[in-house]
Amino acid sequence: MILYHGSNEDILSIDLQKGLRFKDFGKGFYLTPDKTTAIRMAQKKARLFGGTPTLITYDLSEDALNSGLKVKIFPEKASVEWFLFVDANRDRNRQQPVHDYDIVIGPIADDGVVLQLTNYKEGIYSPEQAAQLLQDKYLDQQYYFGTERALSFLHKTNSETV
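Throughout what follows, the structure given in this document is the object of discussion. Position labels on residues start from 1 in each chain and follow its written sequence. In keeping with the predicted nature of the model, local features appear solely for residues at pLDDT of at least 70, side-chain atom pairs appear and are counted solely at 80 or more, and the whole-chain, interface and lining totals rest on all residues. Hydrogens and water are ignored here; the side-chain numbers use all heavy atoms of the structure.

## Quick look at the sheet that holds strand E4 (residues 71-73)
The pairing of strands in a sheet happens through backbone hydrogen bonds and is either parallel or antiparallel.
Here is step 1: Any two strands with at least two DSSP bridges between them are considered paired. Note on conventions: DSSP H or I runs of at least 4 residues are helices, E runs of at least 2 residues are strands, and numbering of each starts at the N terminus. On the basis of which strands lie adjacent, the open sheet formed by four strands has the order E2-E6-E5-E4 and mixed pairing. Single-partner strands in this sheet number two, and they are strand E2 (29-31) and E4. For this sheet, the mean inter-axis angle between neighbouring strands, taken without regard to orientation, is 20°.
Here is step 2: One ladder, built from five bridges, connects strand E5 (residues 103-107) with strand E6 (residues 141-145); its direction is antiparallel. Paired with Ile103 across the strands is Phe145, a residue of E6. The convention used is that axes are lines fitted to C-alpha atoms, helices contributing only their stretch in contact, and that angles between N-to-C directions extend from 0 to 180 degrees.

Given below as structure tokens:
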């Protein structure tokens, strides 16, 4: 399977320690199967942090999901479980990681999701109501890699300026 990572520089070696902690699925390395989404992320990162917008292509070995890795796959549309999982991972008051999955696959929490997370935190909506409001919204998909073992199934195939 082909996956993409958008960055403001080429990545020679993935360093899980560089990942930010309070992301959708926690601290890790994120990719998407959607090339356009990755290009958009590369351009955004270069605009915010400088550097050159770079699209990096990886091949995910088909063996990865049947290798004994701990994998969590969410539905492509928003669900209550996914919504609460993202909320917990983004909670800056939480001291410990939320999970110990090697790979997590699911929707990307875009600005519309962030709005519903805020509404949930402020008591305006329950998790069920917030997830329901997101049901008709298309959410790009993401693949989270949280361990070195999971990364061993990724093989970089290309890097290009976008």
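## A word on the pattern of salt bridges
Here is step 1: We count a salt bridge whenever a side-chain nitrogen from Lys or Arg sits within 4 Å of a carboxyl oxygen from Asp or Glu. Tallying each qualifying case throughout the model produces six salt bridges.
Here is step 2: Linking Arg40 and Asp140 is a salt bridge whose minimum nitrogen-to-oxygen distance equals 2.8 Å. With Arg40 in helix H1 (residues 35-49) and Asp140 in the loop between helix H4 (127-133) and E6, this residue pair connects regions lying 100 residues apart in the sequence.

## Describing the environment of Arg21
Here is step 1: Residue placement: Arg21 occurs in the loop between strand E1 (2-7) and E2.
Here is step 2: Looking at Arg21, the relative accessible area reads 33%, which means it is partly exposed.
Here is step 3: Sequence-wise, Arg21 and Asn89 are 68 residues apart; in three dimensions their C-alpha atoms are separated by 7.9 Å.
Here is step 4: When sequence neighbours within four positions are dropped, the list of residues in contact with Arg21 reads Gly26, Lys27, Asn89, Arg94, Gln95 and Gln96.
Here is step 5: Among the polar contacts made by the side chain of Arg21, one reaches the main-chain carbonyl oxygen of Arg94 at a distance of 2.5 Å.
Here is step 6: Of the polar contacts made by the side chain of Arg21, one reaches the backbone oxygen of Gln95; its length is 2.8 Å. Each residue is placed in one exposure class: buried if its accessible area under a 1.4 Å probe, protein chains only, is under 20% of its type's maximum, exposed if it is over 50%, and partly exposed if it falls in between. Whether two residues are in contact is decided by their heavy atoms: any pair within 4.5 Å suffices. Identification of polar contacts relies on pairs of N or O atoms within 3.5 Å, with a donor-acceptor requirement for protein atoms, meaning one able to donate a hydrogen and the other able to accept it, and with residues adjacent in sequence counted only if both atoms are side-chain atoms.

## Focus: helix H2 (residues 80-90)
Here is step 1: Buried within H2 are the following residues: Trp82, Phe83, Phe85, Val86, Asp87, Ala88 and Asn89.
Here is step 2: On its buried face, H2 sits against E5, helix H3 (111-121) and H4.

## Describing the side chain of Thr57
Here is step 1: Inspection of the secondary structure puts Thr57 in strand E3 (residues 54-60).
Here is step 2: For Thr57, a relative accessible area of 9% corresponds to the buried category.
Here is step 3: Residue contacts for Thr57: discarding those within four places in its chain leaves Ile2, Leu3, Tyr4, His155, Lys156, Thr157 and Asn158.

## Focus: the layout of surface pockets
Here is step 1: Using a grid of 1 Å spacing that covers the protein atoms alone, one calls a set of points a cavity when a 1.4 Å probe fits there but cannot get out, and a pocket when the set is open and has protein on both sides within 12 Å along at least five of seven lines; lining residues are those with an atom within 4 Å of a point. Grid points are joined across faces, edges and corners, and a volume is the space filled by probe spheres set on the points. Considering only enclosed or pocket space, the largest pocket measures out at about 1,400 Å³ in volume.
Here is step 2: Counting residues per element, the lining of the largest pocket draws most heavily on H1, which supplies eight residues.
Here is step 3: Put simply, Ala, Val, Leu, Ile, Met, Phe, Trp, Tyr, Cys and Pro go in the nonpolar bin, Asp, Glu, Lys and Arg in the charged bin, and everything else, Gly too, in the polar bin. Taken together, the residues of the lining of the largest pocket break down into 17 nonpolar, 10 polar and 13 charged.
Here is step 4: Estimates place the volume of the second largest pocket at around 260 Å³.
Here is step 5: In terms of lining, the second largest pocket is formed by 16 residues, of which the most central are Arg21, Gly26, Lys27, Pro97 and Tyr144.
Here is step 6: A breakdown of the residues in the lining of the second largest pocket according to their chemical character gives seven nonpolar, five polar and four charged.

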